[in-house]
Amino acid sequence: MEPHCTGSRILASGRFLRLEELAWTDAAGGSHKWESAQRNGPGTAALVVAVLRPSNRLVVIRQYRPPLGAFAIELPAGLVDEGESLEEAAVRELKEETGYEGKVLWSTGLCSSSGGMTGELVATVFMDIPEDLPANVVHERHLQDSEDIAVRLVPLSELGALFTEALRRGDVLDSRLAVWAVGMGIRWEQP
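Residues numbered from 1 in each chain as written. Predicted model: local features only at pLDDT ≥ 70, side-chain atom pairs only at ≥ 80, totals over all residues. Heavy atoms only, no water.

Draft legend 1. Highlighting unusual backbone geometry. Pro54 follows Arg53 through a cis peptide bond whose omega is 20°. Inspection of the secondary structure puts Pro54 in the loop between β4 (44-53) and β5 (57-65). We note that Asn56 has phi near 60°; this positive angle belongs to a residue other than glycine. Topologically, Asn56 is positioned in the loop between β4 and β5. Take Asn56: its relative accessible area is 37%, and that puts it in the partly exposed class. (Helix = DSSP H or I, 4+ residues; strand = E, 2+ residues; numbered from the N terminus. Buried < 20%, exposed > 50% of the residue type's maximum accessible area, 1.4 Å probe, protein only.)

Draft legend 2. Up close: helix α1 (residues 86-98). Given a rise of 1.5 Å per residue, 13 residues ought to cover 18 Å, and the 18 Å separating the end C-alpha atoms of α1 matches this to within 8%. Burial in α1 covers these residues: Leu86, Ala89, Ala90, Arg92, Glu93, Leu94, Glu96, Glu97 and Thr98. Buried-residue contacts for α1 involve β4, β5, β7 (77-79), β8 (103-112), β9 (121-130) and β10 (149-155). Backbone geometry just after α1 places Gly99 at a positive phi near 85°. (Expected span 1.5 Å × (residues − 1). Contact = heavy atoms within 4.5 Å.)

Draft legend 3. Representation of the packing of aromatic side chains in the model. Counted according to the given criterion, the structure contains three aromatic pairs. Arranged with centres 4.8 Å apart and planes meeting at 90°, the rings of Phe163 and Trp188 form a pair that is edge-to-face. Taken together, the residues Phe163 in helix α3 (residues 156-169) and Trp188 in the segment after α4 (175-183) connect sequence positions 25 residues apart. No difference in accessibility class separates Phe163 from Trp188, as the two residues are buried. Taking the ring centre of Phe71 as reference, the NZ or CZ of Arg62 above it sits at 3.8 Å. (Phe/Tyr/Trp six-rings, centres within 6.5 Å; stacked < 30°, edge-to-face > 60°. Lys NZ or Arg CZ within 6 Å of the ring centre and 35° of its normal.)

Draft legend 4. Molecular detail of the pairing of β5. Inspection of the sheet shows β4 paired to β5 by two bridges, in the antiparallel sense. Among the inter-strand pairings, Leu52 is bridged to a residue of β5, identified as Arg57. The loop that links β4 with its antiparallel partner β5 comprises three residues; one of these, Asn56, has a positive phi angle of about 60°. Relative to β10, β5 runs antiparallel, the two sharing seven bridges. Among the inter-strand pairings, Arg57 is bridged to a residue of β10, identified as Pro155. The pairing of β5 with strand β6 (residues 70-74) spans five bridges and is antiparallel. Paired with Arg62 across the two strands is Ile73, which belongs to β6. Linking β5 to β6, which pair antiparallel, is a turn of four residues; within it Gly69 sits at a positive phi near 65°. (Pairing = 2+ DSSP bridges.)

Okay, structure coming up:
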């Protein structure tokens, strides 16, 4: 027998999230309970790894995140709207949060965000941003009222130093950005 969920019960619900108690059965047939946070509405998101060409600078954002009580150093990202593809959401979120327009190169498809806590799925979408495109020379952002986002264009050779500086300031690194950076061979100092 494969482990599987047998039901759920909503424990609490707010504007954006709900807390559920999941009932599930393990491979031996034992019954268990698990708490999870779920999004109200679409539960998929697009995360954007965008590089300006030809300068090879990565687009990184610094955004205040209330659950952390701190600023986070992240990649642009956002929820996929109804009827929108992962790639369309990535292009839209990059434009809204940074003002840049990019070309989609590849997407990972949907992956678990934090499988022990939530059912949210996230696709990482890789994009190039042509620096000579007129929209990217003079770019305009379209932030939501509650968004406080600063954009940084960082040469990969300086990304580790940016992380070290941010951590010393009390910022938190987004795990997806940190893992991507390590995969690129980038290291940084811990405060």
